[in-house]
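The residues making up each chain are set out below.
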Amino acid sequence: MFCDICRPRPKGYTVYFADEQDASALIRYIKGNQENNWMVINNRMFWVIEAILFDMIDYVQAHMEPESIYAVESTIEDPLKTLYNMKQIHKFEEERETSWIDGVIQKTQLTTYYQPIVNRKNDNEQIIGYELLSRGLAQDGSIIPPFKLFEAARIRNRVFALDRACRLQAVRNAASLTSDKLIFINFIPTAIYVPEHCLATTFNLIKKLNIRPDQVVFEVVETDEVEDIEHLKNILHYYRKHGFKYALDDVGTGFNDLQRLTDLDPDIVKLAIEFTNGVSQDKSKQETAASVLKTSRDLGAQALAEGVETEEDYHYLLEMGYDLFQGYYFAKPSPTPLEKLINKEDGRSEHTHDDSNV
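Residues numbered from 1 in each chain as written. Predicted model: local features only at pLDDT ≥ 70, side-chain atom pairs only at ≥ 80, totals over all residues. Heavy atoms only, no water.

Caption draft 1: Examining the sheet that holds strand S3 (residues 45–49) more closely. Read across the open sheet, the five strands follow the order S2-S3-S1-S4-S5; overall the sheet is antiparallel. Looking along the sheet, the strands with just one partner apiece sit at the ends: strand S2 (38–42) and strand S5 (87–88). In this structure, S2 lies alongside S3, joined through four bridges in antiparallel fashion. Each residue of the ladder has a partner; that of Trp38, found in S3, is Val48. Sheet strands touched by helix H2 (residues 50–63): strand S1 (12–17), S3 and strand S4 (69–74). Its angle to S3, the strand with the most contacts, is close to 120°. (Pairing = 2+ DSSP bridges. Helix = DSSP H or I, 4+ residues; strand = E, 2+ residues; numbered from the N terminus. Contact = heavy atoms within 4.5 Å. Axes fitted to C-alpha atoms, helices over the stretch in contact; angles between N-to-C directions.)

See the structure below:
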């Protein structure tokens, strides 16, 4: 059984005709649809499913006065409850343009890209895990970048459902990885209301696929949006209680300042790309990197530098004492997990694909 947050149901809207707008033509039109898709409330107001509302927008803009026609999301059971939130119908254009995200979520049109997490041992770089990054799949098979997915989800109020769908798909694709690799899976803390309920499906899937909890690192993203720090701590403690690790992303910026790290007690701390990129040449970035490393050491956490793009930055952070590394210097995210890194003569890295894991 799922709530509307996990698997949101189709939207419906109450439409109101103000001033002298005549709704009769549109009411005749909606009566041609299935009865459970519409309901006349009075001679100025009716309720319709979203598909009908979207069909109406072009007609209203061409033949009526859209400034005098309003709509608001509502349910057929209580179509008058949200009237105070009404806005002009033409303002639902953005909703219509991003409604494709519902299909992505409902049909799980998602794929996973893998970016290696690297450490250095015995003078050699080795892959110790992967960050699993979600991408959307368009109807034509092309890739939808994550920023576009979540931008559409925010407009449609589907962030909770999208975050869940991405998390579950990442877990499914993680099952092909060998048991000696760490699996970094992103989650948005504001998309989890009650850990015991919202994470149950994720935990059950991990168990079903025989993935060891200590293999999985749940990575907190978008922590700038977190206002309730106690709620975040509850989520993180819930992960740890069940044997999982967790990492804090983008440390050094915004919410993830050093004073909060001790309170959240992460297993892995990720230095933000803003302080990794160019750190070998920038004193202020060096100071931030050193502070993040020291705090990580004090907590007993591993320090990971993300966004490493040059040999100079990599070696600077390595000599400083960072434990783990991630970035284009080693490999870009790819649709199949990389088997190993092969160093070029110039110090950069190539990679080979482990196609057996597709």
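Next comes the rest of the description.
Caption draft 2: Expanded view of the pairing of S1. Across the six residues that make up S1, a large majority, five, are buried. For S1 and S4, the ladder comprises six bridges, and the chain directions are antiparallel. Within S4, the residue paired with Tyr13 across the bridge is Glu73. (Buried < 20%, exposed > 50% of the residue type's maximum accessible area, 1.4 Å probe, protein only.)

Caption draft 3: Inspection of the environment of His315 at higher detail. Its location among the elements puts His315 in helix H13 (residues 311–320). Since its relative accessible area comes to 27%, His315 is described here as partly exposed.

Caption draft 4: Quick look at the side chain of Thr98. Position of Thr98 relative to the elements: it lies in the loop between helix H3 (93–97) and helix H4 (100–106). Of the polar contacts made by the side chain of Thr98, one reaches the backbone oxygen of Glu94; its length is 2.8 Å. Excluding residues within four positions of it along the chain, Thr98 makes contact with Ala152, Ile155 and Arg156. (Polar contact = N/O pair within 3.5 Å; in protein donor to acceptor, adjacent residues only side chain to side chain.)

Caption draft 5: Quick peek at unusual backbone geometry. Residue Thr108 is not a glycine yet carries a positive backbone phi of 50°. Take Thr108: its relative accessible area is 30%, and that puts it in the partly exposed class. A positive phi angle, close to 60°, is found at Asn157, a residue other than glycine. Locating Asn157 in the fold gives a position in the loop between helix H5 (146–155) and helix H6 (159–174). Looking at Asn157, the relative accessible area reads 55%, which means it is exposed.

Caption draft 6: Representation of the confidence of the model for the protein in the model. When pLDDT is averaged along the protein, the result is 88; 89% of the residues meet or exceed 70. Mean pLDDT across the secondary structure elements of the protein bottoms out at strand S16 (residues 349–353), with 47, and peaks at strand S14 (residues 324–325), with 98. pLDDT under 50 marks residues 351–358. Its contacts with residues more than four places away, or in other chains, come to 17 contacts. (pLDDT = per-residue confidence, 0-100.)

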